[in-house]
Amino acid sequence: MSKINEKAKEKIFVALDYNNFEDAKNLVEKLGDNISMYKVGLESYLSTDGKLVEYLHEKGKKVFLDLKFHDITNTVKMACANAIKKNVFMFNIHCSNGSKTMREVAQLVKESGSDSLLIGVTVLTNLSEEDINEMFKSSMNLEEMVINMATVAKNSNMHGIVCSPLESAKIKEKLGQDFVTVCPGVRPKFTLNADGKSNIPFLPPEYSWKTYGAMNVMFWNRHQNTSLERAKAMLAESHEKVLALADKYSNEELFTKKYFSWTGTTDLGSYFVSTTSS
């Protein structure tokens, strides 16, 4: 495995989204010194009875406890008090708890002398503008809502928020470079079509299937100075990622023609065969 840039290591959290301790441990062992920070969410925290956090601390890793606390003020405060006791690097609560809860939790972190970063969850990534309008009858678009929530969080003395990479720059510009923005991993565009309801192109904007050859020439030109050793490492990493992605689909989803509208007359499996054998 290629070494990760030291600067990048201080910005990347690897999500341990597993339902058992052994799988999470195996990934941590495999990544070794390449990764120093990990995210532990609801699934992995509950399925390991919190032992995963203890294990990561024993390995000298930083922990982002991603439990997204959301309840009445006193209940959220008590939950956060326990998170603080675990000495995690970062934990979060929903901004939709309101400014009162955010201020009181921020004060709790300060009074405890904790170094934990307190982060606010803005709009969950699976929610669309239609969902927001349906629930809140809001006329704001997603970006406006996220920036508004971020502003309330900043004014409530929170350390930062969770947002998409698309909003991060604008939030930094408005609220300052010291205001932390945590951005979830970005999925390949074609996986966003997996519900079969959308038709999102995933090739670079200037290319299409008709100009696929020209795109390959572009890649060829880009890597003229890439060493053979680096090229082999990139191929191995890419191959592993594709196999891991394929493993997330059932046989029916992979090999049924037209199961997803965006695969046209073929099946998803053909895409994977093409990218792993040619």
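Residues numbered from 1 in each chain as written. Predicted model: local features only at pLDDT ≥ 70, side-chain atom pairs only at ≥ 80, totals over all residues. Heavy atoms only, no water.

The helix and strand tally for the protein stands at 13 helices and seven strands. Taking all 278 residues of the protein together, the buried fraction comes to 36%. Counting contacts in the protein only where the partners sit at least 6 residues apart, residues at least 24 apart contribute 59% of the total. For the protein, the accessible area works out to roughly 17,300 Å², and carbon and sulfur atoms hold 53% of it. (Helix = DSSP H or I, 4+ residues; strand = E, 2+ residues; numbered from the N terminus. Buried < 20%, exposed > 50% of the residue type's maximum accessible area, 1.4 Å probe, protein only. Contact = heavy atoms within 4.5 Å. Areas by Shrake-Rupley, 256 points an atom, 1.4 Å probe, with all protein chains shown as cover.)

This part takes up the nonpolar core. Core analysis: the largest hydrophobic core is formed by 47 residues, its most contacted members being Leu 56, Phe 91, Ile 93 and Ile 171. Ranked by residue count, the leading element in this core is helix H8 (residues 142-155), at six residues. With sequence-adjacent residues up to four places away left out, Ile 171 is seen in contact with Val 146, Ile 147, Ala 150, Ile 161, Cys 163, Gly 176, Phe 179 and Thr 181. One finds Leu 245, Ala 246, Leu 254 and Phe 260 within the second-largest nonpolar core, a separate group that totals eight residues. (Core = buried A, V, L, I, M, F, W, Y, C linked by side-chain atoms within 4.5 Å.)

So, on to the pairing of strand E5 (residues 117-121). Of all five residues in E5, four are buried; the element is thus mostly enclosed. As paired elements, strand E4 (residues 90-94) and E5 share five bridges and run parallel to each other. Of the residues in E5, the one forming a bridge with Asn 92 is Ile 119. Handedness of the crossover is the feature at issue here: the chain leaves E4, passes through helix H6 (residues 99-112), returns alongside E5, and the resulting connection is right-handed. Of the strand pairs in this sheet, E5 and strand E6 (residues 160-162) are connected by three bridges, and their pairing is parallel. What sits directly across from Gly 120, in E6, is Ile 161. (Pairing = 2+ DSSP bridges. Right-handed = clockwise from strand over helix to strand, strands pointing away.)

Spatially, the seven strands line up as an open sheet ordered E1-E2-E3-E4-E5-E6-E7, and their pairing is parallel. Since the sheet does not close on itself, it has two edges, and those belong to strand E1 (14-15) and strand E7 (180-182), each with one partner.

This brings us to the pattern of salt bridges. Here the structure, examined in full by the defined rule, presents seven salt bridges. With its nearest N and O atoms 3.3 Å apart, the salt bridge here joins Lys 59 to Glu 29. One end of the pair, Lys 59, is in the loop between helix H4 (51-58) and strand E3 (62-69); the other, Glu 29, is in helix H2 (residues 21-31), with 30 residues separating them in the sequence. Judged by relative accessible area, Glu 29 falls into the partly exposed class, the value being 41%. Taken together, the shared-partner salt bridges in this structure form one network comprising Asp 17, Lys 39, Asp 66 and Lys 68. (Salt bridge = Lys/Arg side-chain N within 4 Å of Asp/Glu carboxyl O.)

Glancing now at the packing of H8 against helix H9 (residues 165-175). The contact between H8 and H9 brings their axes to 10 Å, and the two run at 40°. Put simply, H8 runs oblique to H9. In this structure, the crossing between H8 and H9 has a hand that is right-handed. Counting all contacts with H8, which are made through Glu 143, Val 146, Ile 147, Ala 150, Thr 151 and Lys 154, the residues of H9 involved are Glu 167, Lys 170, Ile 171, Lys 174 and Leu 175. Across the contact of H8 with H9, the residue classes tally to five nonpolar, one polar and five charged. (Axes fitted to C-alpha atoms, helices over the stretch in contact; angles between N-to-C directions. Parallel < 35°, antiparallel > 145°, perpendicular 65-115°, else oblique. Left-handed = near helix turned anticlockwise from the far one by under 90°. Nonpolar A, V, L, I, M, F, W, Y, C, P; charged D, E, K, R; others polar.)

For the pair helix H5 (residues 73-85) and H6, interaxial distance at closest approach is 10 Å and the crossing angle is 30°. Of the possible angle classes, the one that applies to H5 and H6 is roughly parallel. Classified by chirality, the crossing of H6 by H5 is right-handed. Residues Thr 73, Val 76, Lys 77, Cys 80, Ala 81 and Ile 84 of H5 touch H6, and the partners they reach there are Lys 100, Thr 101, Glu 104, Val 105, Leu 108, Val 109 and Ser 112. A class-by-class count of the residues in the contact of H5 with H6 yields seven nonpolar, three polar and three charged.

Another aspect to go through is H6. Taking 1.5 Å of rise per residue, 14 residues should cover 20 Å, and H6 covers 20 Å from first to last C-alpha, within 8% of that figure. Along H6, the residues that are buried comprise Thr 101, Met 102, Val 105, Ala 106, Leu 108 and Val 109. The buried side chains of H6 occupy one side of the element, clustering within an arc of 155° when seen end-on. Turned more than 90 degrees from where H6 packs its buried face, Lys 110 and Glu 111 sit exposed. Along its buried surface, H6 packs onto H5, E4, E5 and H8. (Expected span 1.5 Å × (residues − 1). Arc of directions from axis to C-beta.)

The topology assignment puts Lys 172 in helix H9. Here Lys 172 occupies a buried position and makes no salt bridge, while the nearest side chain of opposite charge, Asp 178, is found at 7.0 Å. Setting aside residues no more than four positions away along its own chain, Lys 172 makes contact with Gln 177, Phe 179, Val 180 and Thr 181. (Lys, Arg positive; Asp, Glu negative; His and termini not counted.)

By themselves, these figures tell us nothing about what the structure is for.
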